[in-house]
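Chain by chain, the residues run as shown.
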Amino acid sequence: MSRSIVRQSKFRHVFGQTVKAEQGYDDIRVSKVTWDSSFCAVNPKFLAVIVESSGGGAFLVLPLVKSGRVDKNYPLVNGHSGPVLDIDWCPHDDNILASCSEDTTAMHTDRQLQLSSFDSVATVEQKGHNGDVILLSSLIRIIVSSAKAHKSSVWQIPDHSLTRPLSDPVVVLEGHSKRVGIITWHPTARNILLTAGSDNLVIIWNVGTGEALITMDDHPDLIYSISWNRNGSLFCTTCKDRRLRVCDPRKRDVVAERLAPHEGIRPMRAIFTKDGNIFTTGFTRMSQRELGLWDPTNFEEPIALLELDTSNGVLLPYYDADASMVYLCGKGDSSIRYFEITDEPPFVHYLSTFSSKEPQRGMGFMPKRGVDVTKCEIARLFKLLDKKCEPITMTVPRKSDLFQDDLYPDTAGPEPAMEPEEWLNGRDEDPILVSLRGGYVAHKSREFKVSKKNVLDSRPTTRRSVSTLDTNNLPPELLERLLEELQNLKATVLSQEKRISDLENKLSQFTNGTD
């Protein structure tokens, strides 16, 4: 009787290959900021890379077809005043990108109004930190908010290449008191975005209204990573206090936690798998890198625990839910290990390693919608080097040119399964699936669909010249109140100018030694 000693798997012979040099992206100044982020995000339309930039933080956005050498004057997305730490493409709109940064300057809501005459009056509604609505008048610059604001931004990228720097985000989210290092979209609900900062807060936003829906302060120390589960009902986090937590955001509660899933003190990473388990990477007490698989309903013992090697680089896991494979990319490594997760012992099966000569600074992972099904490509990674980005294809060797149904089950598509209000009220939905037969065709840019009273709807009004606003239709009582407010503001400005002048005179006397 014959007995098979080799595990049967259609992914056992997956191999990686770097694309030709002309299909890569050269002369990219990858960011040197010391933060364990991937520095790269990719979707079927665009490649985004966090880059070095003077005068604040910036990132580069390139259409995937624009390979080759990148012009040194290529316009950047540069709306942040501090280094950009993380970026993430919206899973429901390939033209929407979210970014977060280490903004260290005071954020001012600052408007200078242009009126054709002093008799023309208009209002601009702008929420300050105390929630008051401020009335702004002509030729007066008023600082509405002067508290330090560490912000996240949401950008709408045009289908064509940028022709000038993009510094005006669609919406700015301000709520963290320290730098924001993690940003990730909800997998199935429209416009739901999660951010985590060094203030140890997790904030969930509705980017369509710009409001914070949920704030959680259950973490006593720096949060290393956050991952949603498949339907977005839970997320898991790893923290500097060495705990792995599973959180229910709508209950604002930690539903499960495990102390030290890896005994080392170096940073951990955790991601949810398709079946609800949690895959982790970390370090042993002897600083060996280690991976683990855990059942969040029973954290007592791991499903699998495997030591890898000795290295300082944090292992960043990238999970392919359709193939149940995970790719491990360590910063500073020159290799990518990949594993298959199954229900059979030892549950996490090593497949192979892709190696190259140069160490990686970061990595991007293409959604399954963006792979080439005609070449049996099951994954594509974008490896960041010091000054370039190299796409790496992961392929299953097959002789047939026909569509391989077993390699490409229906995958998560770009349509959201529910609206923000439905998710907030307790509804859970798996992603809406699409077939890859015939290849996926990316949609053209579409309007950022949002809910009622969206900040996006009011932006054109606040951006046009105030002199174009119709004040003739204002009620007499409101116009009279606005004129009175204008006079008060003028008096306040004159008073402050006199006070500043007096202080400057006193200061000059001190510096000249006359006092």
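Everything below is about the structure printed above this text.
Not measured: the values here are computed from a predicted model.

What counts, and where the lines are drawn
Residues numbered from 1 in each chain as written. Predicted model: local features only at pLDDT ≥ 70, side-chain atom pairs only at ≥ 80, totals over all residues. Heavy atoms only, no water. Helix = DSSP H or I, 4+ residues; strand = E, 2+ residues; numbered from the N terminus. Buried < 20%, exposed > 50% of the residue type's maximum accessible area, 1.4 Å probe, protein only. Contact = heavy atoms within 4.5 Å. Polar contact = N/O pair within 3.5 Å; in protein donor to acceptor, adjacent residues only side chain to side chain. Core = buried A, V, L, I, M, F, W, Y, C linked by side-chain atoms within 4.5 Å. Pairing = 2+ DSSP bridges. Axes fitted to C-alpha atoms, helices over the stretch in contact; angles between N-to-C directions. Phe/Tyr/Trp six-rings, centres within 6.5 Å; stacked < 30°, edge-to-face > 60°.

Take the environment of threonine 280 next. Locating threonine 280 in the fold gives a position in strand E23 (residues 278–283). You can call threonine 280 buried: its relative accessible area is 1%. In contact with threonine 280, other than residues within four places in its own chain, are Leu244, His262, Arg269, Ala270, Glu290, Leu291, Gly292 and Trp294. Within the local environment of threonine 280, its side chain forms a polar contact with the side chain of histidine 262, the two groups lying 2.7 Å apart.

Core analysis: the biggest nonpolar cluster contains 38 residues, and Ile28, Leu47, Phe59, Val61 and Phe382 have the highest contact counts within it. For this core, the element with the highest residue contribution is strand E4 (residues 46–51), accounting for six residues. Leave out the neighbours within four places in its chain, and phenylalanine 59 touches Val49, Ile50, Val51, Leu76, Val77, Val84, Ile87, Leu97, Ser99 and Trp155. Ranked by size, the runner-up nonpolar core spans 29 residues in total, among them Tyr318, Ile378, Met394 and Leu436.

It is worth spelling out the side chain of histidine 92 at this point. Examined against the element boundaries, histidine 92 turns out to sit in the loop between strand E8 (84–89) and strand E9 (96–101). Judged by its relative accessible area of 6%, histidine 92 falls in the buried class. At 3.1 Å, the side chain of histidine 92 forms a polar contact with the backbone oxygen of proline 187.

Attention now goes to the environment of arginine 289. Tracing the chain through its elements places arginine 289 in strand E24 (residues 288–294). Sequence-wise, arginine 289 and arginine 266 are 23 residues apart; in three dimensions their C-alpha atoms are separated by 9.6 Å. Arginine 289 has contacts with Gly282, Phe283, Leu306, Glu307, Leu308, Asp309, Ser311, Gly313, Leu315, Gly330, Asp333 and Arg337, leaving out every residue within four places of it along the chain. From its side chain, arginine 289 meets the backbone oxygen of glycine 313 in a polar contact 2.9 Å long.

A few words now on the sheet that holds E24. Read from one edge of the open sheet, four strands run E22-E23-E24-E25, paired in antiparallel fashion. Across the chains shown, the open sheet's two edge strands, defined by having one partner strand only, are strand E22 (269–272) and strand E25 (304–310). Sheet twist, expressed as the average angle between the axes of neighbouring strands with direction ignored, equals 15°. Pairing analysis gives five bridges linking E24 to E25, with the strands arranged antiparallel. When the bridges of E25 are listed, glycine 292 appears paired with leucine 305.

Before going further, it helps to spend a moment on unusual backbone geometry. Cis geometry marks the peptide bond from proline 345 to proline 346; its omega dihedral reads 5°. Relative to the elements of secondary structure, proline 346 occurs in the loop between strand E28 (335–341) and strand E29 (348–355). Phi is positive for asparagine 191, which is not a glycine, with a value near 65°. Residue position: asparagine 191 is located in the loop between strand E14 (180–185) and strand E15 (192–197). Backbone geometry at serine 324 places phi at a positive 55°, although glycine is not the residue there. You can see serine 324 is positioned in the loop between strand E26 (315–320) and strand E27 (325–330).

Within the open sheet, the four strands sit side by side as E3-E4-E5-E7. Their pairing is antiparallel. At either end of the open sheet lies a strand with only one pairing partner, and these are strand E3 (40–42) and strand E7 (77–80). Across this sheet, the average inter-strand angle for adjacent strands is 20°, counted without regard to direction.

Once that is clear, we can look at the pairing of E9. For E9, the buried fraction is high: six of the six residues fall into the buried class. Burial along E9 is two-sided: Ile96, Ala98 and Cys100 facing one way and Leu97, Ser99 and Ser101 facing the other are all buried. Taken together, E8 and the strand that follows it, E9, pair antiparallel across an intervening segment of six residues. The pairing of E9 with strand E12 (residues 150–156) spans five bridges and is classified as antiparallel. Each residue of the ladder has a partner; that of serine 99, found in E12, is serine 153.

Further remarks concern the environment of phenylalanine 46. Tracing the sequence through the fold places phenylalanine 46 in strand E4. For phenylalanine 46, a relative accessible area of 2% puts it in the buried group. Sequence separation of phenylalanine 46 and serine 161 is 115 residues, and the distance between their C-alpha atoms is 9.7 Å. Ignoring any residue separated from it by four or fewer positions in sequence, one finds phenylalanine 46 in contact with Ala41, Val61, Leu62, Pro63, Leu64, Trp89, Asp94, Asn95, Ile157, Pro158 and Asp159.

A few words on the packing of aromatic side chains. Per the counting criterion, the structure on display carries ten aromatic pairs. Seen from their ring centres, tyrosine 327 and tyrosine 338 are 5.7 Å apart, and the 35° between their planes marks the pair as tilted. Taken together, the residues span a long stretch of sequence, with tyrosine 327 in strand E27 and tyrosine 338 in strand E28 at a distance of eleven residues. In this structure, tyrosine 327 and tyrosine 338 share a single accessibility class: buried. For the ring pair phenylalanine 339 and tyrosine 350, a centre distance of 5.5 Å and an interplane angle of 65° mean the geometry is edge-to-face.

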